[in-house]
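# Close look at the chain arrangement
Residues per chain, in single letters:
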Amino acid sequence: MKTLLLVMLLCMLTIPVSVLSAEQEQSPAGTSVADLPLIATFEGGERYQAGIYPVIVLSGSYREMGCQYGGLMKPELNEEYSFLMDSLTNQGITREEIIEEAGQVPQFYPQRIKEIFAGMAETTGLTTDDIAFLYYGPIFLLFATPNQEAVPASCSYLAAWGDYTKGGSPILSRNWDLGDSILPLTEWYVLAIYRPNDGSNIIATWSPAGVRPETFMNNKGLFIADDNCGREDDAPETRPEFITEYYRFMFDYSDLNALEAAINGTIPDTGWIVDVAGPDEAFVYEKSTNRTVKRTGDGVIAAANHFVDPSWNLPEPPEHSLSRYSNLLRQAEEAKGMIDAEKMMEIRDVCIEDGGSKFCHSDLGGGKYSSNHQVVFEPATLTLWMNVMDKDWQKVELPSLFSNETLK
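The following refers to the structure shown. As the structure is a prediction and not an experimental result, all values here were calculated from the model. (Residues numbered from 1 in each chain as written. Predicted model: local features only at pLDDT ≥ 70, side-chain atom pairs only at ≥ 80, totals over all residues. Heavy atoms only, no water.)

Packing of helix H3 (residues 74-89) against helix H6 (residues 128-135) brings their axes to within 10 Å, and their N-to-C directions diverge by 75 degrees. As judged from the angle between their axes, H3 and H6 are roughly perpendicular. The residues of H6 that touch H3, namely those facing Leu77, Glu80, Tyr81, Leu84, Met85 and Leu88, are Asp130, Phe133 and Leu134. Across the contact of H3 with H6, the residue classes break down as 7 nonpolar, no polar and 2 charged. (Axes fitted to C-alpha atoms, helices over the stretch in contact; angles between N-to-C directions. Helix = DSSP H or I, 4+ residues; strand = E, 2+ residues; numbered from the N terminus. Parallel < 35°, antiparallel > 145°, perpendicular 65-115°, else oblique. Contact = heavy atoms within 4.5 Å. Nonpolar A, V, L, I, M, F, W, Y, C, P; charged D, E, K, R; others polar.)

Here it is in structure tokens:
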């Protein structure tokens, strides 16, 4: 088990409307926002439905938002917890070993993230250690899967703007690719909106319920995601876990210049490729534990799972990374001047076997791999399209969900 949390190099549905927990209040018929029906409320939080996906809107202090998250998603969080715990204990790992490892997860986290965890624990019947286990559940599961080789690096990013898009504004996309052993988690995806009452930005995350998000947007039109860098590059001393810093980046920073300064000023615990975009342009940061290189593009930029900048002086990248990177740039070039959200989704839906970048239950590293989730986002309009593997894209207009008019 000690190896499970050390391997954090990875970038890490159908969701039927679950039976509402007893604490949730049924919503008045016809109530909606952003054309989404309101399904339930809980202590000031709201649960909407976007097609097959739940959308939760959380407001107040960080503890209060955690309580609302737990209350609105209690069935899903408990089902997901049981699935993950049963999957691991069935392989001979004891619950005590799992919880001991999970308890180490939040010790270096910012207080407001700990407050969210504590709030979720208050309303789910799970402990804070259980919530911490959920947070890294996919990593635990991936590395405990029997007979599976070391999981290859995965995920990819493509952004286009200027002459490449119909209107000139950025259209960006990301794939979150992992082994098929975690595909059951697609049953519990949620779009979570955090509206804190302390003056911070409003943010959105897209992930399985309770799982560490790696796809973030905020109400200022900023976007951040990540790709595994494909290198073993662990810090020589203890550092805060970098991906969880995305909460801070999105809550605290409102333009690309400030976000860049924050990324440059945060030394990661392990190497990452960081995908960033705003209302006017997009970047990629190739970030090792002791150096950051920023990549830009003339209207288009892509990333897979290798550092591209030649100054790294690295060996040839693995074929699966180089081919996806090259395919994305070729597809963008072929669609130059015609890229809008619909075209970007078409690009993203091409399987790697057919010249695209999407893992479609594809053979990789001795196992099957899939694009667990995908996102297309327009920062200028705050319009999101999201999906999970084997399911359709769903459009969500974020402005009304981001509205803070109801905050006190």
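Per the counting criterion, the structure on display carries 23 aromatic pairs. Site record: aromatic cluster; members linked through ring pairs are Tyr62, Tyr194, Phe216, Phe242, Tyr246, Tyr247, Phe249 and Phe251. In this structure, Lys294 packs its charged tip against the face of Phe283, placed 3.9 Å from the ring centre. (Phe/Tyr/Trp six-rings, centres within 6.5 Å; stacked < 30°, edge-to-face > 60°. Lys NZ or Arg CZ within 6 Å of the ring centre and 35° of its normal.)

Take unusual backbone geometry next. For Cys155, which is not a glycine, the phi torsion comes out positive at approximately 85 degrees. Inspection of the secondary structure assignment puts Cys155 in the loop between helix H7 (137-144) and strand E6 (156-160). Look at His361: it is not a glycine, yet its phi comes out positive at around 55 degrees. If you trace the backbone, His361 turns up in strand E16 (residues 360-364).

On to the environment of Thr292. Tracing the sequence through the fold places Thr292 in strand E14 (residues 292-295). Take Thr292: its relative accessible area is 28%, and that puts it in the partly exposed class. With 24 residues separating them in the primary sequence, Thr292 and Pro268 have C-alpha atoms 10.0 Å apart. In terms of polar contacts, Thr292 uses its side chain to reach the side chain of Lys287, at 2.7 Å. (Buried < 20%, exposed > 50% of the residue type's maximum accessible area, 1.4 Å probe, protein only. Polar contact = N/O pair within 3.5 Å; in protein donor to acceptor, adjacent residues only side chain to side chain.)

What follows is about the pattern of salt bridges. For the structure on display, the rule yields 18 salt bridges. Put simply, Glu76 and Arg47 hold a salt bridge, and the shortest N to O gap is 2.8 Å. Of this pair, Glu76 sits in helix H3 while Arg47 is found in strand E4 (residues 45-50), placing the two residues 29 residues apart along the sequence. Of the residues examined, Arg47 reaches a relative accessible area of 1% and is grouped as buried. Across the pair Glu260 and Lys294 runs a salt bridge, and its minimum N-O distance is 3.1 Å. In this pair, Glu260 is assigned in helix H9 (residues 256-264) and Lys294 in strand E14, connecting sequence segments 34 residues apart. Its relative accessible area of 18% is what places Glu260 among the buried residues. Beyond isolated ion pairs, a larger network of salt bridges with shared partners links Arg63, Glu115 and Glu122. (Salt bridge = Lys/Arg side-chain N within 4 Å of Asp/Glu carboxyl O.)

Now for the pairing of strand E17 (residues 367-378). Taking burial as the measure, the 12 residues of E17 include 10 buried ones, the bulk of the element. Of the strand pairs in this sheet, strand E7 (residues 171-179) and E17 are connected by 8 bridges, and their pairing is antiparallel. Looking at the pairing, Leu172 lines up with Phe377 of E17. Direction of pairing for E16 relative to E17: antiparallel, over a ladder of 4 bridges. Within the sheet, the bridge partner assigned to Asp363 lies in E17 and is Lys368. The antiparallel hairpin formed by E16 and E17 contains 2 residues in its connecting segment, where Gly365 sits at a positive phi of about 60 degrees. Once E17 ends, the chain turns through 4 residues before running back antiparallel as strand E18 (residues 383-388), passing Leu382 with a positive phi of about 55 degrees. (Pairing = 2+ DSSP bridges.)

This next bit is on the nonpolar core. Core analysis: the biggest nonpolar cluster contains 107 residues, and Tyr69, Tyr157, Leu191, Ile193, Tyr194, Leu398 and Leu401 have the highest contact counts within it. A per-element tally of this core places strand E8 (residues 189-196) first, with 6 residues. Excluding anything up to four places from it in sequence, Tyr194 contacts Leu58, Met65, Tyr69, Ile116, Asn201, Ile202, Ile203, Thr205, Tyr247 and Phe251. With 19 residues, the next largest nonpolar core counts Ala160, Ala304, Val376 and Trp385 among its residues. (Core = buried A, V, L, I, M, F, W, Y, C linked by side-chain atoms within 4.5 Å.)

We now examine the state of the cysteines. Following the criterion strictly, the structure yields 1 disulfide and no others. Through a disulfide, Cys351 is tied to Cys360; the S-S separation comes to 2.1 Å. Between Cys351 and Cys360 the disulfide shows an S-S torsion of about -95 degrees. By sign, it is left-handed. Of the two residues examined, Cys351 and Cys360, each falls in the buried class. (Disulfide = S-S within 2.5 Å.)

Take the packing of H3 against helix H4 (residues 95-102) next. Any two packed helices are characterised by the angle at which their axes cross and by the distance between the axes. For the pair H3 and H4, interaxial distance at closest approach is 9 Å and the crossing angle is 120 degrees. With respect to H4, the element H3 is oriented oblique. The two elements H3 and H4 meet at a crossing, and its hand is right-handed. Between H3, through Tyr81, Met85, Leu88 and Thr89, and H4, the contact on the second element is made entirely by Arg95, Ile98 and Ile99. Classifying every residue of the contact of H3 with H4 by side-chain character gives 5 nonpolar, 1 polar and 1 charged. (Left-handed = near helix turned anticlockwise from the far one by under 90°.)

In short, geometric facts, not functional conclusions.
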